[in-house]
Amino acid sequence: MNLFHYLNSVQRVWNAGEGVAVARLLSLADHHVNNPSLHVHEHPETAVYRQLDAPLGEVVACHLKVLHHLTAEPRNYAEAYRQQTNCIQAVVKMLQVLKDENWFLPVMYTVAIDLRRLAAKCEEQIKTSKPGEILEKAAECLMGCFRVCAADNRASDADTKRLGMLNLVNQLFKVYFRINKLNLCKPLIRAIESSNFKESFSLAQRITYKYFAGRKAMFDSDYRNADEYLSFAFENCPRRFARNKRLILIYLVPVKMLLGYMPRKEVLQRYNVLQFHDLTVALKEGNVRRFDEVIQQHESFFINAGIYLIVEKLKILAYRNLFKKVYLILQTHQIDLNAFLTALQWTSGEEDLTMDETHCIVANLIYEGRIKGYISHQHNKLVVSKQNPFPNVIVS
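Residues numbered from 1 in each chain as written. Predicted model: local features only at pLDDT ≥ 70, side-chain atom pairs only at ≥ 80, totals over all residues. Heavy atoms only, no water.

S.K.: Which residues make up the sheet that holds strand β2 (residues 334–336), and what values do they have?
M.R.: The sheet built from three strands is open, its strands ordered β2-β4-β3 with antiparallel pairing. At either end of the open sheet lies a strand with only one pairing partner, and these are β2 and β3 (373–376). The mean inter-strand angle of the sheet, taken between neighbouring strand axes irrespective of direction, is 25 degrees. In terms of strand pairing, β2 meets strand β4 (residues 381–384) through three bridges, oriented antiparallel. Note on β4: the bridge partner recorded for Asp 336 is Lys 381. Across the sheet, helix α19 (residues 337–348) is in contact with β2, β3 and β4; its angle to β2 comes to roughly 50 degrees. (Pairing = 2+ DSSP bridges. Helix = DSSP H or I, 4+ residues; strand = E, 2+ residues; numbered from the N terminus. Axes fitted to C-alpha atoms, helices over the stretch in contact; angles between N-to-C directions. Contact = heavy atoms within 4.5 Å.)

S.K.: Got a sec to walk through the pairing of β3? Specific residues and values, please.
M.R.: With four bridges joining them, β3 and β4 adopt antiparallel strand pairing. Residue pairing across strands places Ser 376 opposite Lys 381, the latter belonging to β4.

S.K.: Talk me through α19; I want residue IDs and the actual numbers.
M.R.: The end-to-end C-alpha distance of α19 is 16 Å, a good match for the 16 Å that twelve residues give at a rise of 1.5 Å each. Taken together, the buried positions of α19 are Leu 337, Phe 340, Leu 341, Ala 343, Leu 344, Thr 347 and Ser 348. End-on view of α19: buried residues confined to an arc of 165 degrees, all on one side of the axis. Packing partners of the buried residues in α19 comprise α15 (288–297), α18 (315–330), β2, α20 (355–367), β3 and β4. Here α19 starts with a cap whose side-chain oxygen sits 2.9 Å from the backbone nitrogen of Asn 338, and that cap is Asp 336. Positive backbone phi, at 80 degrees, marks Gly 349, one or two positions downstream of α19. (Expected span 1.5 Å × (residues − 1). Buried < 20%, exposed > 50% of the residue type's maximum accessible area, 1.4 Å probe, protein only. Arc of directions from axis to C-beta. Polar contact = N/O pair within 3.5 Å; in protein donor to acceptor, adjacent residues only side chain to side chain.)

S.K.: Explain the packing of aromatic side chains residue by residue, including any values.
M.R.: Summed over the entire model, instances satisfying the criterion amount to 14 aromatic pairs. Plain terms: the ring middles of Phe 276 and Phe 302 are 5.9 Å apart, the flat faces sit at 55 degrees to each other, and that makes the pair tilted. Residue Phe 276 is found in helix α14 (residues 275–285), and its partner Phe 302 is found in helix α16 (residues 299–305); the two are separated by 26 residues along the sequence. Residue Phe 276 shares its accessibility class with Phe 302, and that shared class is buried. In this structure an aromatic cluster arises from ring pairing among Phe 173, Phe 177, Tyr 209, Tyr 211, Phe 212, Tyr 229 and Tyr 251. Lys 210 extends its terminal NZ or CZ atom over the ring of Phe 232, reaching a point 5.2 Å from the ring centre. Over the ring of Tyr 261 we find Lys 256, and its NZ or CZ is 5.3 Å from the ring centre. (Phe/Tyr/Trp six-rings, centres within 6.5 Å; stacked < 30°, edge-to-face > 60°. Lys NZ or Arg CZ within 6 Å of the ring centre and 35° of its normal.)

S.K.: Go over the pattern of salt bridges, please, and point to the residues and values.
M.R.: Summed over all chains, the structure comprises 16 salt bridges. A salt bridge links Glu 124 to Lys 121, with the shortest nitrogen-to-oxygen separation between them at 3.9 Å. With Glu 124 and Lys 121 both in helix α6 (residues 105–125) and three residues apart, this pair spans about one turn of that helix. Salt-bridge contacts for Glu 293 lead to Arg 290; the nearest nitrogen and oxygen are separated by 3.7 Å. Taken together, the residues Glu 293 and Arg 290, both in helix α15 and three residues apart, mark about one turn of the helix. For Arg 290, a relative accessible area of 29% corresponds to the partly exposed category. Salt bridges sharing partners connect three or more residues here, namely Lys 121, Glu 124 and Arg 178. (Salt bridge = Lys/Arg side-chain N within 4 Å of Asp/Glu carboxyl O.)

S.K.: Tell me what's going on with the nonpolar core, and back it up with residues and numbers.
M.R.: By size, the foremost hydrophobic cluster in this structure holds 143 residues, and its most contacted members are Tyr 6, Val 60, Phe 276, Leu 279 and Phe 323. In this structure Phe 323 touches Phe 340, Leu 344, Ile 361, Val 362, Leu 365, Ile 371 and Phe 390, once residues within four positions along its chain are discounted. (Core = buried A, V, L, I, M, F, W, Y, C linked by side-chain atoms within 4.5 Å.)

S.K.: For unusual backbone geometry, give the residues involved together with the corresponding values.
M.R.: In terms of backbone geometry, most residues other than glycine have negative phi values and most peptide bonds are trans. Residue Ala 54 is joined to Pro 55 through a cis peptide bond whose omega torsion reads 0 degrees. Positionally, Pro 55 belongs in the loop between α3 (45–51) and α4 (56–71). The phi dihedral of Asn 180 is positive, around 60 degrees, even though this residue is not glycine. Mapping Asn 180 onto the fold places it in the loop between α8 (165–178) and α9 (185–193). Asn 180 gets classed as exposed once you look at its relative accessible area, which sits at 61%. In this model, Gln 331 sits at a positive phi of 55 degrees, which is unusual for a non-glycine residue. Inspection of the secondary structure assignment puts Gln 331 in the loop between α18 and β2.

S.K.: An account of the side chain of Gln 171 is needed here, citing residue identities and associated values.
M.R.: With respect to the element layout, Gln 171 can be found in helix α8. Overall, the relative accessible area of 5% leaves Gln 171 in the buried class. A polar contact is formed between the side chain of Gln 171 and the side chain of Arg 116, at a distance of 2.5 Å. If sequence neighbours within four positions are ignored, Gln 171 has contacts with Ile 113, Arg 116 and Leu 142.

S.K.: Now, about the environment of Arg 215: what can you tell me, with residues and values included?
M.R.: Inspection of the secondary structure puts Arg 215 in helix α10 (residues 203–219). Taking relative accessible area as the criterion, Arg 215 reaches 13% and is therefore assigned buried. Distance in space between the C-alpha atoms of Arg 215 and Gln 331 is 41 Å, their sequence separation being 116 residues. Those residues within four positions of Arg 215 in sequence are excluded, and the remaining contacts are Phe 177, Leu 230 and Tyr 251.

S.K.: Any chance you could break down the side chain of Lys 161 for me, citing the residues and the numbers?
M.R.: When you line up the elements, Lys 161 lands in the loop between α7 (133–150) and α8. Of the side chains with opposite charge, Asp 152 lies nearest to the buried Lys 161, which makes no salt bridge, at 4.0 Å. At 3.3 Å, the side chain of Lys 161 and the backbone oxygen of Glu 101 are in polar contact. Apart from residues lying up to four places away in sequence, Lys 161 is in contact with Leu 95, Leu 98, Lys 99, Asp 100, Glu 101, Asn 102, Phe 104, Leu 105, Cys 149 and Asp 152. (Lys, Arg positive; Asp, Glu negative; His and termini not counted.)

Next comes the structure, spelled out in C-alpha cells:
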C-alpha cells in the first residue's frame, strides 16, 4: 500500500463514519506502520491536503511525520513525540469542529494512547533535568481533549463527547501515577463520580478507573472507598486476565487486612501473592517479631509494588491480637499495662521497650477502634468494655 492508497483508505472509512477503522489507520500499533512507502514523508502536507480536508488532513499529516521519525536512522523519539503532540492538538480541533457527533472518539483514544507511550519512551531515551517533565506535558495535551469532552452539554446522550471522558481519565491516571502527581487525580475522580454517564462507560474502562481510584483512596487512607473500588475491579476483571487480577489483588489484600479481613491462603496461592500469607500468619499469632521478619524478607516486593508503608500499618493488628491473648489469659476487664509491656518485650525481642511506648501503642489501638476501652493513667491499667472489647478480625 503506497501513500495514495493509504490516504484513500483513510478518506473512505472517514466518510463512512467508521471511527474504529479510522483509529486503526492512525495507530502506531497497526501493521501499516511497517510499510516502507509511508516512512519517507518528512513533509507530507502537500500530498495529504490534496486528498483530505482539515482537521483530518492535519491529523494524518502529523501521523505520517511520526512514522518518519520513528523509522529514521537513528530513531528520533523527541521529534516523533513533538509531532504526536501536534496530532493530539489537531484532534482537539476535530472535537470542536464536529459538533453533536462522537463516532470519531476512537480516534482520540488511539492518538492519546500513542502520545502517552511516546512520552514514556522519551523519558527513557532523553535525560532531562526534571524527570517526568515530558510525561507531565503530555498530560496537559490530554487535558485539552478532556476539557472539550467534559464541556459537551449540547449533544444528545447518545452522541455526547462526554462518553469519552473515562478513557482520557484512565490515560491521565497512568501518567500521574508514573510521575507521582497523585494530587492531580482528585478533580478527575470528582468529575467521573458526578457524571450522569458513569454507568454508561464500557466495563473495561470502569475496571481500569476503579483500580486507579482505589489505589488513590488507599494512599489517602480512605480504606472503605479503596475496598469498594478495588473489589469492583477484582470481581469484574475476567479470569483470563490473571496478571491484571494479580495487580488488583496486590492493593486489595492490604486494604482488606487493614479493615480486619484476613485473606485465605488458596486465593493468595492462585494469584502468586503468598507474601501476604506469611503476614497473615504473623498477624493472627500476634507475633510482632515474625511480622517484622516477613516485612524484611519481602521488602523488595512491597517496595516495588508501592505498598511498603501501607503494609507497615498492619503492624497495629499484630499488637491488637497480642493484647487480646493477654486479655484472654488474665480474664479481667482491668488489665495492668505491665502485662502488655512484658508481652511486647517477649514477642518483639526488644527488651528496652518502655511503658511510654506501650501507652502509645494502646492509645493508637483505642483510637482506631481496635480496642474498646480507656487507659487509667492513675492505676496504669487498660479498662476494656465488657461487650466485645476486641472487635473481630474476620477471615474472608
